[in-house]
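Coordinate analysis (summary)
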Number of protein chains: 4
Amino acid sequence: MRNTFGNNITVTLFGESHGPAVGAVLDGIAPGISVDTGFIRHQLDLRKPWGAVSTGRIEDDDFEILSGVFEGRTTGAPVCIVIPNKKADSSEYEKIRTTPRPGHADYTAEIKFGGYQDYRGGGHFSGRLTAALVAVGAIAISALKEKGILVGTHILRCGGVNDREFREYKEDIIKLADTRFAVLDEERGKEMICAIEKASANGDSLGGILETAVSGLPAGVGEPWFDTLEGMLAHAVLSIPGIKGIEFGDGFRAADLRGSEFRDELCCDGGEIRTRTNHNGGVNGGISNGMPVVFRSFVKPTPSIHLPQKTVDLENGNETEITICGYHDPAIIHRCRVVADSMTALVLCDFLSINAR
Amino acid sequence: MRNTFGNNITVTLFGESHGPAVGAVLDGIAPGISVDTGFIRHQLDLRKPWGAVSTGRIEDDDFEILSGVFEGRTTGAPVCIVIPNKKADSSEYEKIRTTPRPGHADYTAEIKFGGYQDYRGGGHFSGRLTAALVAVGAIAISALKEKGILVGTHILRCGGVNDREFREYKEDIIKLADTRFAVLDEERGKEMICAIEKASANGDSLGGILETAVSGLPAGVGEPWFDTLEGMLAHAVLSIPGIKGIEFGDGFRAADLRGSEFRDELCCDGGEIRTRTNHNGGVNGGISNGMPVVFRSFVKPTPSIHLPQKTVDLENGNETEITICGYHDPAIIHRCRVVADSMTALVLCDFLSINAR
Amino acid sequence: MRNTFGNNITVTLFGESHGPAVGAVLDGIAPGISVDTGFIRHQLDLRKPWGAVSTGRIEDDDFEILSGVFEGRTTGAPVCIVIPNKKADSSEYEKIRTTPRPGHADYTAEIKFGGYQDYRGGGHFSGRLTAALVAVGAIAISALKEKGILVGTHILRCGGVNDREFREYKEDIIKLADTRFAVLDEERGKEMICAIEKASANGDSLGGILETAVSGLPAGVGEPWFDTLEGMLAHAVLSIPGIKGIEFGDGFRAADLRGSEFRDELCCDGGEIRTRTNHNGGVNGGISNGMPVVFRSFVKPTPSIHLPQKTVDLENGNETEITICGYHDPAIIHRCRVVADSMTALVLCDFLSINAR
Amino acid sequence: MRNTFGNNITVTLFGESHGPAVGAVLDGIAPGISVDTGFIRHQLDLRKPWGAVSTGRIEDDDFEILSGVFEGRTTGAPVCIVIPNKKADSSEYEKIRTTPRPGHADYTAEIKFGGYQDYRGGGHFSGRLTAALVAVGAIAISALKEKGILVGTHILRCGGVNDREFREYKEDIIKLADTRFAVLDEERGKEMICAIEKASANGDSLGGILETAVSGLPAGVGEPWFDTLEGMLAHAVLSIPGIKGIEFGDGFRAADLRGSEFRDELCCDGGEIRTRTNHNGGVNGGISNGMPVVFRSFVKPTPSIHLPQKTVDLENGNETEITICGYHDPAIIHRCRVVADSMTALVLCDFLSINAR
């Protein structure tokens, strides 16, 4: 299906960047889960642009829960959350209507939707829609917390600067929850911010690498084929605009390792079966093994740069040059991370809703 | 869903390594597609083990088409292909029934299926099932060929050796089609084979990186959200046993690039709109842009090594040591590539079956 | 899935009777379909209560299109339509919170959702949600009209009175489109209205039988198994609250016919292949045969009657008696018919979105 | 999807009447369920033709379980069961290749599949495929039995003869389990058999009405919208070839009842909440209420009669006459009932596999 994701717990996404609102329907979530509007607000704030590292279009993100919540808890019926768009300025877009911006979906949208798409601000392709994912994702994150499962993401690399890796998963994730620029080493975070600001000053942009961890996930979650834990998470995470790669555990850097170096031997740790190492990122045969689930995702540099770019005028097929004005993000990686958490939480809730036996 | 993948064109997979057979049902494929049993045979042969780089369990892979094909063509009804298991030797498995092999699904299967799983030879988790994917994938590959769309995969890196990258996509893919050890530079292939043999002689194993390309895919294939071209391909490819990472276009190595370096400017090439570069791997906003689709996937080193390994005896919770005997692959990357082609083709056929408008 | 229906064109439904709004997301609909807000308004008005034959809770049904429509046409992105609730009076419901109303979903909701459900006015189970189905259904009906396919429903029987059956399908359907109380024979309609009013005066209610026809549907729509045209339509129609039966073509009354009486012989009518009779209701082997599709559905008498009824107090398990006050429909059959049209249209659009070959 | 049905527990069906085999894949079924091949055999025998009331093509129905069962129990992996075709005689079909049989899927298959369908014996549309549904359905029935849920169907009406209705659901269902011609009143059964034989002697055929009951189903099963218990059962049952209508509880005959006559008042029966009557057939708001679930389905008279019939020659568009020779069923209602039980059981298992909360 197109704008619906998940098997038993599903999210349906709608909206356009410059339309009346963006929103999402979360369906299948168990009744009785406490819905903390303050926490939804907090998560939306983590996604909000700020400072020189983000776009100047700052929306309130005042959300409205239209359904599925009663007396502070989920009812078992679908939860629809709507977030009105208030700050959209479409004036810049009319003039680039026929000259697709490189790296954006303008050209592919034109081909797929035959000119009927809402082209303003990226329309339905806009990262603006991730606000709705974050809103419903907050409920999924709350549902997981009630089971002792935590999800957290930090910026592992940006502008050539590395953050430290996860050490104590649970503590690190808790620490990240309130961090606006999500790094485990604050100093490195400052260097990254500098790099983004520098790129921005040049009219340019940056990407980077996110690292996500899940702690407390019991063994046995996932399927042997197709809906493997890795397959479902990859599907979810690669549908976040700008993310173009994912790797679990050691990932690509282990391409030269031998089996004897990559193996995760089992041990017994206080009565619990664990692995000594975690090269496999907490997943074997598509199913969680009780270790922290760890993956990294690649965020491409945002294509909205303020430098002149070559493109084609679709009206006459001639090559031409455009310069994108208006508000744009010099980086989205720091805003993406709460989207990554949200999609991860939605996938895990979905898996946990099925009776394994 | 569990063992079914796809939206309109679906594949349903069944079987166990040491059961009577493995098989798959391909449903939704258009009627009238020529089914060349010779080509299915050829694809199965590409997956077959051979020489010192593979397991010694060599199955005939005699397949039987049970349904959906009539007078040499698909009928529009589901195609079920069954491949009997003939060479399974279960004697080695009884003794490791309660001592899960590190890096395998033995432990996670035990937790998920509560001891009812067929543990012999990895059971339903076995790479053996990919034979069925290859058989039905051959039909998907044929269906794409009729539309001028070609899919090919080569071993980009193995044992520290790099193959050359794709140059002329169409020509390179055609060349790969008949290559048993799929490299674009034969000399590098020989070095890789040496490296695998060397690891094997040490009772060890190797992994590596596959690179897949699709040529001839028109612009407009994919969805803006969730069922993005990248999301669906990632889902499909990460469900191949042993594959733990995927990246499109430049991927992780572009983490330090700026937007001005990563952008793919549009141009007009003989009346066709194209991009000058292909950092985005042929996909923008989740939808194909008419350029070759390119992605790389990480294959972990096979966990079946012949060295002693530490594990836990599930019967008493004590740590113990096992040594895996029997036939095993010192590398699967050269066998995986035809599976990657098959899954890629199935995803593309699925997308092409929907009326865009 | 729970509140999403369809394969390629899907509708996702949300809302509660006394919550802020009801709404639906229509996804997968082709771009470029003209969206006539006047027609949506018209369809919602057909569903609106009026006179003594309906509830006194009369909502404006002012709808808002939040997404998926741009410059008067669908964009190919999901269409979300929201209809605020303005006239909900929850005061009557608190007192019956623990005494489920017979024939309603009160008791089953309590069991399924464990007391977390929004019990006010039937909550998520309320027929109020069908307003959202009608709103998105109007777009589906428009899309079908562009292909020459018409859908119409009339009240075949109510209060012991029979309407005449369909004669000229196309003309009859066109006639029904503007009829508030949908009958083909107006006199019979007046008798039915009398019967409803009489039941209402007694604090009682009525049900009846709807008959739906589709004209202009080409042959070849439907699947041989599971997603047969009958199976999908039955699934859709039986999810309309109060509908508990469906029959295609002759239906149950043909239980005593012989094969020689039920057969539909083929003939050639002006170059077109047709059947002389239509006992099969336009469907053979799950697939449309080019004849009008005809089915009837049974609408049970509404359970909201104003007579004292026996029930159980869930708090203490004691039997007790309740009398339902407030606004209620003495019949819903005349309001249901536009819902039946809407669900039928959604199913047909879904089928037509798949490339048969 | 096309040949796959269900949400979490799915069945995928394949095969053609005159192909090598028919089969089905049952996926998602819990591990550890006892698989009694004797019971599968017994169920297949109930579906087998016999005497003068059925076709003369009597297949062994020797089935093979290819996967998903180990040491006598389900493993949690998909169960594929294959039933070879041995008695197919295609000689009669070549001559009617271009002259579609009235009431069959011949014409609609030609339109949908463009002439590529396997036309022999109805191909993929054949009732022969229900053998595979019965085989996997037997496992679903066993899984339900372990939870105290029983499913049974009897022939309520055939040839103008009525069987008695259900009285003691559990006892009646148990009685039916071993009845080849499934009636509750044997004498009436004999009269029905006479009626079928008489029709058969005239080269004609009969249909009728089946009544299915489920006892022991707990309250709370089903969804408020779309995947209502009625919607899913209707979808499943109406995909059985020849079934064209379904009604729950009182059904169409209650079209003239008032709400005060149709209501099911609640009472407390030994601590359990029940309803005094069961007009609603055990379902309120799409969800089971703890009462027996009861529905009736209409089976059309089989279209394969031995009388001359008019049709059109697709090669030249001329009207012509055919007489169908070969083996055919003068009635299928007695064979259908075990298919109805199987589909019902599959739907119920599917619902029970989801965590309600």
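Scoring rules and cut-offs
Residues numbered from 1 in each chain as written. Chains lettered and ligands numbered in written order. Predicted model: local features only at pLDDT ≥ 70, side-chain atom pairs only at ≥ 80, totals over all residues. Heavy atoms only, no water. Helix = DSSP H or I, 4+ residues; strand = E, 2+ residues; numbered from the N terminus. Rg over C-alpha atoms; globule rule 2.2 N^0.38 Å. Buried < 20%, exposed > 50% of the residue type's maximum accessible area, 1.4 Å probe, protein only. Contact = heavy atoms within 4.5 Å. Areas by Shrake-Rupley, 256 points an atom, 1.4 Å probe, with all protein chains shown as cover. Pairing = 2+ DSSP bridges. Phe/Tyr/Trp six-rings, centres within 6.5 Å; stacked < 30°, edge-to-face > 60°. Lys NZ or Arg CZ within 6 Å of the ring centre and 35° of its normal. Axes fitted to C-alpha atoms, helices over the stretch in contact; angles between N-to-C directions. Nonpolar A, V, L, I, M, F, W, Y, C, P; charged D, E, K, R; others polar. Arc of directions from axis to C-beta. Buried area = accessible area lost by both parts, 1.4 Å probe. Salt bridge = Lys/Arg side-chain N within 4 Å of Asp/Glu carboxyl O. Polar contact = N/O pair within 3.5 Å; in protein donor to acceptor, adjacent residues only side chain to side chain. Least-squares fit on C-alpha atoms with pLDDT ≥ 70 in both. Parallel < 35°, antiparallel > 145°, perpendicular 65-115°, else oblique. Left-handed = near helix turned anticlockwise from the far one by under 90°. pLDDT = per-residue confidence, 0-100.

Here we come to the overall build of chain A. In terms of regular secondary structure, chain A is built from 9 helices and 18 strands. Over its C-alpha atoms chain A spans a radius of gyration of 21 Å, differing by no more than 12% from the 21 Å that the globule rule assigns to 357 residues. Each of the three principal axes of chain A carries a C-alpha extent, and together these read 70 × 50 × 35 Å. The buried share of chain A, taken over its 357 residues, is 69%. Of all intrachain contacts in chain A linking residues separated by at least 6 positions in sequence, the fraction that spans at least 24 positions is 70%. On chain A, roughly 10,800 Å² of surface is accessible, and the fraction owed to carbon and sulfur atoms is 47%.

All names here are of chain B. A large share of strand 3 (residues 21-27) lies buried, amounting to 7 of its 7 residues. Here strand 3 shows no split at all, with Ala21, Gly23, Val25 and Asp27 on one side and Val22, Ala24 and Leu26 on the other all buried. Here 6 bridges tie strand 2 (residues 10-15) to strand 3, and the two strands are oriented antiparallel to one another. The residue bridging Phe14 from the neighbouring strand is Gly23, located in strand 3. Counted along the chain from strand 2 to the antiparallel partner strand 3, the turn is 5 residues long.

Evaluated as defined, the whole model comprises 38 aromatic pairs over all chains. Aromatic pair A:Phe113 and A:Phe125: ring centres 6.3 Å apart, planes at 65°, arrangement edge-to-face. With A:Phe113 in helix 3 (residues 106-113) and A:Phe125 in the loop between helix 3 and helix 4 (130-145), the pair connects residues that are 12 residues apart, well separated along the chain. When its relative accessible area of 13% is taken as the criterion, A:Phe125 is described as buried. The interplanar angle of 50° and the centroid separation of 6.1 Å between the aromatic rings of C:Phe252 and D:Phe298 together place this pair among those described as tilted. One end of the pair, C:Phe252, is in the loop between strand 11 (243-248) and helix 8 (259-262); the other, D:Phe298, is in strand 16 (residues 293-299), on a second chain. You'll find C:Phe252 and D:Phe298 in the same group, each marked buried. Taking the ring centre of A:Phe39 as reference, the NZ or CZ of A:Lys145 above it sits at 4.0 Å. The positively charged end of A:Arg180 is found above the aromatic ring belonging to A:Trp50, 3.9 Å away from the centroid.

A few words now on the packing of helix 1 (residues 37-47) of chain B against helix 9 (residues 333-352) of chain B. Residue and element names in this part refer to chain B. Orientation of helix 1 relative to helix 9, taken along the N-to-C sense of each, is 145°, at an axis distance of 7 Å. Touching Gln43, Leu46 and Arg47 of helix 1 are His334, Arg335, Arg337, Val338 and Val339, all from helix 9. When the residues that make up the contact of helix 1 with helix 9 are grouped by side-chain class, the tally is 3 nonpolar, 2 polar and 3 charged.

This part covers helix 5 (residues 169-176) of chain C. An α-helix turns once every 3.6 residues. As a result, residues three or four positions apart point the same way. Residues and elements named next belong to chain C. Within the sequence span of helix 5, burial applies to Asp172, Ile173 and Leu176. Across the axial projection of helix 5, the buried residues extend over an arc of 100°, all falling on one side. On its buried side, helix 5 packs onto strand 8 (150-158), strand 10 (208-215) and helix 9 (333-352).

Take the sheet that holds strand 16 (residues 293-299) of chain A next. Pairing is antiparallel in the open sheet, where 10 strands are placed in the order 9(A)-8(A)-10(A)-16(A)-11(A)-11(B)-16(B)-10(B)-8(B)-9(B). For this open sheet the edge positions go to strand 9 (161-162) of chain A together with strand 9 (161-162) of chain B, each flanked by a neighbour on one side alone. As judged from the 7 bridges shared by strand 8 (residues 150-158) of chain B and strand 10 (residues 208-215) of chain B, these two strands associate in the antiparallel manner. Each residue of the ladder has a partner; that of B:Gly152, found in strand 10 of chain B, is B:Ala213.

On the chain B side, the residues contacting the 105 residues of chain A number 104 residues. Across the interface of chain A and chain B, roughly 8,800 Å² is buried in total on both sides, 60% from carbon and sulfur atoms. Broken down residue by residue, the surface that chain A buries against chain B is led by A:Trp225, A:Phe226 and A:Phe252, which jointly contribute 11%. Inspection of the region where chain A meets chain B yields 10 salt bridges. Taken together, the connections running from chain A to chain B amount to 46 residue pairs in polar contact (both at pLDDT 80 or more). In terms of strand pairing, strand 11 (residues 243-248) of chain A meets strand 11 (residues 243-248) of chain B through 3 bridges, oriented antiparallel.

For the rest of this paragraph, the subject is the relation of the copies chain A and chain B. There are two copies of the chain, and a rotation about an axis plus a shift along that axis relates them. Superposing chain A onto chain B requires a rotation of 180° together with a translation of 0.0 Å along the rotation axis, leaving an RMSD of 0.0 Å. What we have between these two chains is a two-fold relation. A share of 99% of the interface residues of chain A reappears at the interface of chain B, consistent with the copies meeting face to face through the same patch.

Turning to the environment of B:Ile83, a few remarks are in order. All names here are of chain B. You can see Ile83 is positioned in strand 7 (residues 79-84). A residue is classified by how much of its surface remains accessible, and Ile83, at 0% relative accessible area, is buried. Remark: the alpha-carbon pair of Ile83 and Leu129, spanning 46 residues in sequence, is separated by 9.2 Å. Sequence-distant contacts of Ile83, defined by excluding residues within four places in its chain, comprise Ala21, Val22, Leu44, Asp61, Asp62, Phe63, Arg128, Ala131, Ala132 and Ala135.

Here the focus is the packing of helix 4 of chain A against helix 9 (residues 333-352) of chain A. All names here are of chain A. At a minimum axis separation of 8 Å, helix 4 and helix 9 run at an interaxial angle of 50°. Of the possible angle classes, the one that applies to helix 4 and helix 9 is oblique. Crossing geometry of helix 4 relative to helix 9 is assigned as left-handed. Each of Thr130, Leu133, Val134, Val136, Gly137, Ala140, Ile141, Ala143 and Leu144 in helix 4 lies in contact with helix 9, whose residues at this interface are Val338, Val339, Asp341, Ser342, Met343, Ala345, Leu346, Leu348, Cys349 and Leu352.

Bringing the side chain of A:Arg101 into the picture now. Tracing the backbone through its elements, the reader meets A:Arg101 in the loop between helix 2 (91-94) and helix 3. For A:Arg101, the side chain forms a polar contact with the side chain of A:Asp106, separated by 2.7 Å. Setting aside its immediate chain neighbours within four residues, A:Arg101 contacts A:Tyr93, A:Ile96, A:Asp106, A:Gly122, A:Ser304, A:Ile322, A:Ile324, A:His328 and B:Leu266.

A positive phi is found at B:Phe226, a non-glycine position, where the angle reads about 65°. Under the relative-accessibility criterion, B:Phe226 is labelled buried at 0%. If you check the backbone angles, C:Asp61 has positive phi at about 60° while not being a glycine. Looking at the secondary structure, you find C:Asp61 in the loop between helix 1 (37-47) and strand 4 (64-65). Accessibility expressed as a relative area gives 2% for C:Asp61, which makes it buried.

Below, the discussion takes up the sheet that holds strand 2 (residues 10-15) of chain A. The strand order across the open sheet built from 5 strands is 1-2-3-7-4 (chain A), with neighbouring strands paired in antiparallel fashion. Of all strands in the sheet, those with a lone pairing partner are strand 1 (4-5) and strand 4 (64-65) of chain A, marking the two edges.

Attention now moves to the pairing of strand 7 (residues 79-84) of chain A. Residues and elements named next belong to chain A. When you tally the buried positions in strand 7, you get 5 out of 6 residues, the bulk of the element. Looking at chain direction, strand 3 (residues 21-27) and strand 7 are connected through 6 bridges and run antiparallel. Paired with Gly23 across the strands is Val82, a residue of strand 7. In terms of strand pairing, strand 4 meets strand 7 through 2 bridges, oriented antiparallel. Of the residues in strand 7, the one forming a bridge with Ile65 is Ile81.

Another point: the confidence of the model for chain A. Here chain A averages 94 in pLDDT, while 99% of its residues score no lower than 70. With a pTM of 0.97, the predicted complex shows an ipTM of 0.97.

With that out of the way, let us pick up the environment of C:Phe70. As for its placement among the helices and strands, C:Phe70 is situated in strand 5 (residues 69-70). Residue classification places C:Phe70 among the buried residues on the basis of a relative accessible area of 10%. Measuring from C-alpha to C-alpha, the distance between C:Phe70 and C:Glu265 comes to 48 Å, with 195 residues separating the pair along the chain. Sequence-distant contacts of C:Phe70, that is, excluding residues within four places in its chain, are made with A:Arg97, A:Tyr116, A:Gln117, A:Asp118, A:Tyr119, A:Arg120 and C:Thr75.

Residues and elements named next belong to chain B. Every buried residue of helix 1 is accounted for by Phe39, Ile40, Gln43, Leu44, Leu46 and Arg47. Relative to the axis of helix 1, the buried residues are bounded by an arc of 155° and lie together on one face. Its side-chain oxygen placed 2.8 Å from the backbone nitrogen of Gly38, Asp36 serves as the N-cap of helix 1.

On to the pattern of salt bridges, then. Residues and elements named next belong to chain A. A full pass over the atoms with the stated rule returns 99 salt bridges over all chains. Among the salt bridges present, the one from Lys48 reaches Asp45, with a minimum N-O distance of 3.6 Å. A relative accessible area of 32% means that Asp45 is categorised as partly exposed. One salt-bridge network, in which partners are shared between bridges, spans Arg41, Asp45, Lys48, Asp60, Asp62 and Lys86.

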